[in-house]
Amino acid sequence: MSVRKRTDLMGIPAERAPRAGARPSKTDAAGPLALGRTQASSRDELAAWGLMPALAAVSALALLVIAAGNYLARAGAPGAELLFWLGIVLIIAPFAARLASERPSRQERLRLAVWLGMALYVVKVMNSPNGFTYADEFMHWHNVNQILSTQTLFGQNLVLPISALYPGLPSVTASLVSLGGLSVFWAGILVIAAARLVMILALFWLAEQLSQSPRVAGLTVLIYAANPNFLFFDAQFSYESLALPLVVLVLAVAHYRLNPKTRQPVVLTLVAFVIIGAVVITHHLSSYFMVAVLLAWTLLVARFHLVVINGARTTLRWYAGEITGSAAWRWALQATRNFVHRREQTRVNHESSRDPSGLMFFALILTLIWLAFVASSTVGYVGTVLGRAVVSVFRLIAAEETGRTLFVSTSGYVAPVWEHIIGLGSIVIIVVALPFGLVAVWRRYRRNALVLVLALMAIAYLGMLGLRFAPAAWETSNRASEFLYIGLAFVLALGVTDIRLRKAASWIGPAAVTIGLTWVFCGGIVAGWPENLRLARVDQVAVGDRILQPQETTAAVWMLANIGPGHVVAADDSNGRVLLTQAHEDALVGRNYSIDDLLSAPSLDHYELYTIQRFQLEYILVDQRRISSDNMRGYFFVPTRPVAGWDVGLYDLDRLAKFESAAIDRIFDSGDIAIYNLETLRSGQPAN
Amino acid sequence: MKLYFGSIVSALVVAALSGGALLWDGSYYLYSTLDTQAPFLPNNRYIAVVLETPVLLAFKVTNNIAILKAVFGLTYALVPLISLLLCWLIVRRSAPALFVWAALGFGFGTLMLQLHFIAEATLSVQLMWPVVLAALTPPRWWVRGVVILLSVAAFFSHPFALALFAVVAGLAAVIGWRYREQRLEKWLWAAGFVALAVVGLLRFSGIHTNYETDQISWQILLLHYQLALQGVPILAFSAVALALVVLYAMPYVRRVKLRWPLQLDGASLVMPLYAIELLCLAAAGALFVLWASIPELWADALDYRTWVLFMSLPFMGMAGLESLVRGPERTQGPQLEWKHRARTVQVVGVVFALVIVLQSLSWIQVTNQLQAAIDQSPGACVSMSALSDVPHTALSHWSLTPYSIILQGTVPSKVVLNGDCAAVNFTKGLPVAAWDLRPWTTGAFDMHVLFQNLAAKS
């Protein structure tokens, strides 16, 4: 294995030398993803597979165990959770042991990484194998339907309006549906599977370029898979699941392009432009993250931090009264001129003709154009979420609200103690291991600007963990993990490869690393997804040759058949999503349209009538089950036995009674769900 | 000082034009003044006569509520501005370094209620700042006139002025004891302010209201601390406190540097202290900027009024301590020290401007939300419970009703009530406040449209 001894801030290696004590690998020196270019003999090729076939078989067995767990969960039988965790450990532990080992060849590491990532994707697919059941998936499913039916982009999505303004995912999926004759569900599964593959390959490639070590690259992929959102959230049919892998690919291409030995930099630049464009039209946060990383990288390459340090010194001298304000301004102007001049000089000397600034500016301008002319409402959407997070943090500091209790859901469900131990233990492992990685960065990679950016991301991840205590900020912290883990995974991988337990028995080190990595992975699952949703739930029941659907699906199917699509229907969070996708109605849900207030109001007064008239509501779907307000669990048959975290109760009868007494038609009734025709109530103009 | 006063003037103008003076009970002050055509005098605080007369005069010229709001706000904005100018003029020649404490007092001590111009507690503190500085510096003929004028104004503003009279009396007595050449005059000042405090106390005991006496209790102080100060503001004040210590200690550190120049390198000793001081001020500024930007965070800032005196006294105390310990010739200070303090003043001015402008903008945003809610409301009476965003902002106050009236001009058609509209009987009048049932036919505001709308809905 070779390591980078010295590089400049663009990450270009000055020289390469084997690290003391490292065992050389026959295939380590191969170029990026040069799987097909190896010149090894057929025996070597067979050897290059290493333990991959055996580990693939073990992981297949593990998937079988998880499938059995899903079966038990659907049947409501005990032991399902145990099988799930057994399967997860069976997948992770062998891969962790092998990837942490120094023995595998580069090809084996790459194959292991790919297999691991795809096996974990299968875990999600097995979680909901009959259709989309995650809250966000319904919105993007609707967007695909819109493109297919109207043959145009930017359709209407009343549940999550901005999702329609990022047509990357739905347009690709719709293309697959049109070309391949697949259902939207299976086209979506394929698109996200491809995205997952891109993520693994791009991350491996990026980490390998930065570290010159396939071992670090393989471990980076493994550790990244431990981020709380990798197993479920980023495997769902959602725009981030597609965009984030493309961001990593942009970084990998951009870094590869910096190498002076790289051929055809123009082609690479064009490829990067195309991928950047794809990210910008696919997902807002991913594009902002991409711009932020490229910007930080560019500034570090340009040694902007030196300008900042000198600026701070000058500011202090001004504050001390040693220089006048005008002198400080003059200095600032001069420093800016020097900075620009130095940049021009390096450009003239072709020293940095391949620095990331061009890609950064392209990404920045494209993102701003998209934001200004296509998706301006993103500002309000993202701003509201981040604003709430900031307010929550400050309210917490101000003691105006109590901190969120960890491992307790909003519905009051408390996770078992062993999950507390796993979750907190994984954080402890990360905190302990991170300094090793940071030391490695400082000793060997501090001249590589992109590595420094990744190290900053790793440190930021620890900072973001504090937000988990703020009620409205924990989601921001959770969602940041899949972004910041890119840096954290790389730095931790560096740390893991640097750990040496010289005096311990030879098996202790690998065993500790394997246990640690498996623990961190399990901790990620605990932090990222509710316990009672990690296994499959009953979303359809076969009775003879008939398939029974949950009530909300039945109501939607009935509505499509009898009322037709395109009507404005008010509903709760889960029913609204089902109506959106299965009945093709213009569903209005949530607080934005005052639908929650309308549903929960004890009577139909001025405000409720005003809401009906203002939004010209044609129908309203009223679900008596409390679970219908839960946009994560409201799509399944309600468990017949009590399940922790599932609110199987009913609302007060007022919810229905106010419509019953309003002299309007009840056009559908399935027991818990009723649909009312609001024609008589909405006929008036909104009162002023 | 141009940058400093430019920042202050800009911020105050923006705040006044944003309608900041109508925050909380400010809207009732304006509504009541205009509707009754007489200055509203809360708890016999006669300073309101002077400050509300301009808007009454303007009302004779125009009914435009935007202009009236601006006149009302700008009049009140003159108090901090004139007080600050007087502070500078008083110390400019004799002890310019002392101005930094006044700047910090205005910049942080009264900052949290600055947008709420009409708070008499704040006004009394701001009016007394020039008096405090005058007590610490050699007197001049015009300063004596200013001191008398401001003391009278403060006397009729808020009971806090009585405590401040006592503080000034104490400072004047000690300064007279410390500096022989000023002794007679300062001791006369001390006697005068003691007399003023006693008279004020007698007056207060004769005319005080239950509201005022209720505010003077440990429980209320604690409650108001929890509501207004706990959290972000107290963090910011902690940073300011550290900056104060460094600022005060800096001249002594310089002296150490001069005494042992070989052992202690000046740059290595002084620069980190400057850095700490600047970082503390920047941190306090950043915290207050965030506080001002998020309306929820300053929703209960009104309760700071019971703390404004106690949070301002340390700044006055530092000024007094410096005058006593270091003497007037030293507070003039070496040139470099004043240059440094001038920078401190500029930084404080910029922080003040940023905070006030951002708080004004967030107040405008909250007001726009209320306006939109009123416009969209189907009924003439809107219950506060129907306004989803109100409970977490400064609008969550009894003065929401008069504010909703003022927002619609002198002929309102709707009203927002604190309670439930369905539970109110509007036949006798409009409940503008718990103690103010306004008859429909009297007053300068034309309520007949509102009355008709309410009657139609009922």
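Here the residue index of a chain counts from 1 through its sequence in written order. Chain A is the first chain written and ligand 1 is the first ligand written, with later ones labelled in order. The predicted nature of this model means local features are confined to residues of pLDDT at least 70 and side-chain atom pairs, given and counted, to a pLDDT of 80 or more, with totals for whole chains, interfaces and linings taken over all residues. Only hydrogens and water are set aside when side-chain values are computed; all heavy atoms of the structure are taken into account.

## Thoughts on the side chain of Thr306(B)
In step 1: Counting from the N terminus, the helices are DSSP H or I runs at least four residues long and the strands are E runs at least two residues long. On the secondary structure map, Thr306(B) appears in the loop between α13 (266-293) and α14 (308-332).
In step 2: As used in this structure description, the phrase polar contact means that two N or O atoms lie within 3.5 Å; if the pair is within protein, one of them must be able to donate a hydrogen and the other to accept it, and residues adjacent in sequence are counted only when both atoms belong to side chains. A distance of 3.0 Å separates the side chain of Thr306(B) from the backbone oxygen of Asp303(B), its partner in a polar contact.

## Here's the deal with the domain arrangement of chain A
Residues and elements named next belong to chain A.
In step 1: When its domains are assigned, chain A resolves into domain 1 (50-237 + 376-533) and domain 2 (541-682).
In step 2: Centre-to-centre separation of domain 1 and domain 2, based on C-alpha positions: 33 Å.
In step 3: The contact criterion used throughout is that any non-hydrogen atoms of two residues lie within 4.5 Å. Taken together, the contacts link 20 residues of domain 1 with 22 residues of domain 2.
In step 4: Buried area, as used here, totals the accessible surface that two parts lose on assembly, with accessibility defined by a 1.4 Å probe and the loss added over both. Surface buried jointly by domain 1 and domain 2 totals about 1,900 Å² across both partners, of which 65% is contributed by carbon and sulfur atoms.
In step 5: On the domain 1 side of the contact with domain 2, Phe138, Leu158 and Val159 bury the most area, a combined 31% of that side's loss.
In step 6: Inspection of the domain 1/domain 2 interface yields two residue pairs in polar contact (both at pLDDT 80 or more).
In step 7: It is helix α5 (residues 135-150) that provides the largest number of residues to the side of domain 1 that touches domain 2, a total of six residues. Per the annotation, domain bounds derive from an automatic or database assignment of domains.

## A few points about the sheet that holds strand β6 (residues 586-588) of chain A
All names here are of chain A.
In step 1: Read from one edge to the other, the open sheet built from five strands follows the order β6-β5-β7-β9-β8, with strand pairing classed as mixed. Single-partner strands in this sheet number two, and they are β6 and β8 (665-669). Taken pair by pair, the neighbouring strands of this sheet meet at an average axis angle of 25 degrees, ignoring direction.
In step 2: Each of β5 (568-570), β7 (619-623), β8 and β9 (673-677) touches helix α20 (residues 551-562); the most contacted strand, β9, lies at about 30 degrees to it. At least two bridges found by DSSP between two strands are what make those strands a pair. Under this scheme, a helix contributes an axis fitted over its contacting stretch, all axes are lines through C-alpha atoms, and angles between N-to-C directions fall in the 0 to 180 degree range.

## Quick word on the packing of helix α11 (residues 284-301) of chain A against helix α18 (residues 474-498) of chain A
Residue and element names in this part refer to chain A.
In step 1: Across the interface, α11 lies against α18 with an axial gap of 12 Å and an inter-helix angle of 35 degrees. For α11 against α18, the interelement crossing comes out right-handed. Every residue of α18 that contacts α11 at Leu285, Ser286 and Phe289 is listed here: Arg479, Phe483 and Ile486.
In step 2: Any residue that is not Ala, Val, Leu, Ile, Met, Phe, Trp, Tyr, Cys, Pro, Asp, Glu, Lys or Arg is counted as polar, Gly included; the first ten are nonpolar and the last four charged. Across the contact of α11 with α18, the residue classes break down as four nonpolar, one polar and one charged. A clockwise turn of the near helix away from the far one marks a right-handed crossing, whereas an anticlockwise turn of less than a right angle marks a left-handed crossing.

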